[in-house]
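# Reading the structure
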Amino acid sequence: MSPHLLSVDSLSRDSVDHLLRVAARMEPIASRRQVTRVLEGAVLGNLFFEASTRTRVSFNAAFCRLGGSVCDTTGFTFSSMAKGESLYDTSRVMSGYCDAIVMRHPEQGSVAEFAAATHVPVINGGDGPGEHPSQALLDLYTIDKEFTRLGKSLAGAHILLTGDLKYGRTVHSLIKLLSLYDPMRLTLVAPPGLEMPSHLIDLVASRGHRVELRDSLASDFSDLDVVYTTRIQKERFTEEMSENFAGLSQDFTVDRTFLDARCSDTTIVMHPLPRDSRPGANDLNVDLNGDPRLAIFRQTDNGIPVRMAIFATLLRVDDQIERDLRPVRWFVPERVGVDDAHF
Ligand code: ASP
């Protein structure tokens, strides 16, 4: 595996399988039954120049759960980039302070530019509309866990990706990651103008997967295994797009009616979150809360073991995790959410 995690392009099927196996071994620590200090003394630099809740906090928590400490900075205003500092200088400076760096930045390619100036492992926490590889890994880990529970297999699965497939970086990384596996059926449904970039469709098709493009959710999806829905990335729209975007008047909402009428009892619903819960947002509806098919919070929980696995692998302690495990001493509820499924 490359010293950095910048894009799914650097991952082979073997390295992904390894990361998922390490993540599974992290579960007792991530679910607060065991404690490890395998990264004791190590410092993470968490640099977020774009809005984030899940990615920033879960990378932070994952590093802490391995026994490390975290230095955080958010937004341009409070960083020296506001004084005109280059990515090269910032990278070299931060590398002198930290053992690993996670960075999110609004420009595609910026995290790779930052990583080119350092030997310290850098993880892309999202570069504009580019990629979000750690999200794709936790998405794949979630699909794998849910399929194991349901007795399904990834080979031949039917997966629907819907929403903003043009600017949604999580689906860009996820489709590349899925393409490393045995042939499956991928249906892509996007509002006109927000379709998946053609080079990604070509890549997946060239690896033997069946790809279907549609512009509406009004079809029979009774054989669907996963519906992965995404938020319209309005923050990436030009002014002209925001004013004239007719595609948004169509309904792309995934809700209980859609799931009950068109899908099945074993279709799982995923979303990278945040979901836009405002009326008319064309996003995942809150009326699915409490439905066991809604996997979004199991998905966010899976961010911890997967991000722990990424750190452990990049910092080469993945063979030492079990060495100093001990039970936790504090109170941990059996389930963390009030609507969590009982399985
Ligand atoms: N949290 C995800 C991302 O950073 C998805 C989103 O913002 O819609 O890409």
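Refer to the preceding data block for the structure.
Structural notes, computed from the coordinates. As the structure is a computational prediction, the values presented were derived from the model and not from experiment.

## So, the overall build of the chain
Helix and strand counts for the chain stand at 10 helices and 11 strands. For the chain, whose C-alpha radius of gyration is 20 Å, the value lies close to the compact-globule estimate of 20 Å for 343 residues. Taken along its principal axes, the extent of the C-alpha atoms in the chain is 55 × 50 × 40 Å. Within the span of the chain, comprising 343 residues, buried residues form 54% of the whole. With the model as given, the accessible surface of the chain reaches about 15,300 Å², and the carbon-plus-sulfur share is 50%.

## Considering the nonpolar core
Core analysis: the biggest nonpolar cluster contains 64 residues, and Leu137, Leu154, Ile159, Leu161, Leu178, Met196 and Phe311 have the highest contact counts within it. When near neighbours in sequence (up to four residues on either side) are disregarded, Ile159 contacts Ile143, Leu154, Leu178, Met184, Arg185, Leu186, Thr187, Leu224 and Val226. Val254, Leu273, Leu294 and Ile296 belong to the second-largest nonpolar core, a separate cluster that totals 17 residues.

## Details of the packing of aromatic side chains
For the coordinates displayed, the defined rule picks out 4 aromatic pairs. Chaining the aromatic ring pairs together yields one cluster made of Phe59, Phe63 and Phe311. Over the aromatic face of Phe343 sits the side chain of Arg149, whose NZ or CZ is 3.7 Å from the ring centroid. When the ring centre of Phe59 is taken as origin, the NZ or CZ atom of Arg307, which lies over that ring, is 4.6 Å away.

## Side note on the layout of surface pockets
Vacant regions in the atomic arrangement are exposed by a probe of water-molecule size rolled over the atoms. Its boundaries defined by the atoms lining it, the largest pocket holds a volume of some 1,200 Å³. Every residue lining the largest pocket is counted, 38 residues in all, and those nearest its centre are Phe297, Arg298, Asp301, Val336 and Asp340. Sorting the residues of the lining of the largest pocket by element identifies helix H1 (13-30), helix H2 (54-65), helix H5 (133-150) and helix H10 (296-314) as the ones contributing at least two each. For the lining of the largest pocket, the element with the highest residue contribution is H10, accounting for 7 residues. The residue makeup of the lining of the largest pocket, split by class, is 14 nonpolar, 9 polar and 15 charged. Of the pockets and cavities examined, the second largest pocket occupies roughly 390 Å³. Together, 21 residues line the second largest pocket, and Arg104, Arg169, Arg231, Leu273 and Pro274 are the ones closest to its centre. Elements that contribute at least two residues to the lining of the second largest pocket include exactly H2 and helix H6 (169-178). The class makeup of the residues in the lining of the second largest pocket is 4 nonpolar, 10 polar and 7 charged.

Here is what the cut-offs are and how they apply
- Residues numbered from 1 in each chain as written.
- Predicted model: local features only at pLDDT ≥ 70, side-chain atom pairs only at ≥ 80, totals over all residues.
- Heavy atoms only, no water.
- Helix = DSSP H or I, 4+ residues; strand = E, 2+ residues; numbered from the N terminus.
- Rg over C-alpha atoms; globule rule 2.2 N^0.38 Å.
- Buried < 20%, exposed > 50% of the residue type's maximum accessible area, 1.4 Å probe, protein only.
- Areas by Shrake-Rupley, 256 points an atom, 1.4 Å probe, with all protein chains shown as cover.
- Core = buried A, V, L, I, M, F, W, Y, C linked by side-chain atoms within 4.5 Å.
- Contact = heavy atoms within 4.5 Å.
- Phe/Tyr/Trp six-rings, centres within 6.5 Å; stacked < 30°, edge-to-face > 60°.
- Lys NZ or Arg CZ within 6 Å of the ring centre and 35° of its normal.
- 1 Å grid on protein atoms, 1.4 Å probe; cavity = no way out; pocket = protein on both sides within 12 Å on 5 of 7 lines; lining within 4 Å.
- Points joined across faces, edges and corners; volume = space filled by probe spheres on them.
- Nonpolar A, V, L, I, M, F, W, Y, C, P; charged D, E, K, R; others polar.

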